[in-house]
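Report on the structure
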Amino acid sequence: MLTVLMECRDQESELAQTLSVLVSGAVEGLVSDVIILDHGSQDGSSRVADAAGCRFHVDWDIKDIVASARGEWLLLIEAGARPQAGWIDAVMEYIALGRSPARFAPSRTYRKALFKRLVRSVPPLENGLLLPKGQAIALARSGMDLAGLARGLKGLKLSSEIVPAWVVAAR
């Protein structure tokens, strides 16, 4: 089983878009738990999370959150990012066989211009991060955010693509 973790701050529509994709994972029995970590949202983010059956935390510590996750694997993802077709099978297969972190393949449809891809570093959660709960517990430190937890972790590439969150923000 998989627990999905996302952070948000005034990202009601982005949150709704990501959660709508995750519904199919819950129906298939892959996603057991979704945890939203809020950074002081003033919009309807909490209502969206509640309507989707997510746990919504305003005051949180990453160590406690990771320890409370129901799944044995965690998927760290940005609000607004959307795993593409086939993501459920790709994640299920990887969880069954893998032991190390993995990331979605970058979208071939939504890519930054070549120059921007060459000169910028990829944010740690742009392609999501799938990792075992035990590894996340070992890495988690008080005061850390999800990007801090994902930073520096190399991951194998899943066969499924992800549309990054910046695509929604650019519209």
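Everything numeric here is computed off the predicted structure, so don't read it as measured data. (Residues numbered from 1 in each chain as written. Predicted model: local features only at pLDDT ≥ 70, side-chain atom pairs only at ≥ 80, totals over all residues. Heavy atoms only, no water.)

Brief notes about the side chain of T18
Among the structural elements, T18 can be located in helix α1 (residues 12-27). We classify T18 as buried; its relative accessible area is 0%. In terms of polar contacts, T18 uses its side chain to reach the backbone amide nitrogen of G80, at 2.7 Å. Not counting residues within four places of it along the chain, the set of residues in contact with T18 comprises M6, I77, E78, A79, G80 and A81. (Helix = DSSP H or I, 4+ residues; strand = E, 2+ residues; numbered from the N terminus. Buried < 20%, exposed > 50% of the residue type's maximum accessible area, 1.4 Å probe, protein only. Polar contact = N/O pair within 3.5 Å; in protein donor to acceptor, adjacent residues only side chain to side chain. Contact = heavy atoms within 4.5 Å.)

Considering the pattern of salt bridges
On inspection of all chains with the given rule, the structure shows three salt bridges. Of the charged contacts in the structure, one is a salt bridge between R55 and D33, with a shortest N-O distance of 2.6 Å. Of this pair, R55 sits in strand β3 (residues 55-57) while D33 is found in strand β2 (residues 31-38), placing the two residues 22 residues apart along the sequence. Since its relative accessible area comes to 4%, D33 is described here as buried. For R108, the salt bridge goes to E161, with nearest N and O atoms at 2.3 Å. A residue pair is termed long-range when its members are at least 10 positions apart, and R108 in the loop between β6 (102-106) and α5 (114-119) and E161 in strand β8 (residues 156-163) qualify at 53 residues. We classify E161 as buried; its relative accessible area is 15%. Through salt bridges with shared partners, one network takes in D33, R55 and R70. (Salt bridge = Lys/Arg side-chain N within 4 Å of Asp/Glu carboxyl O.)

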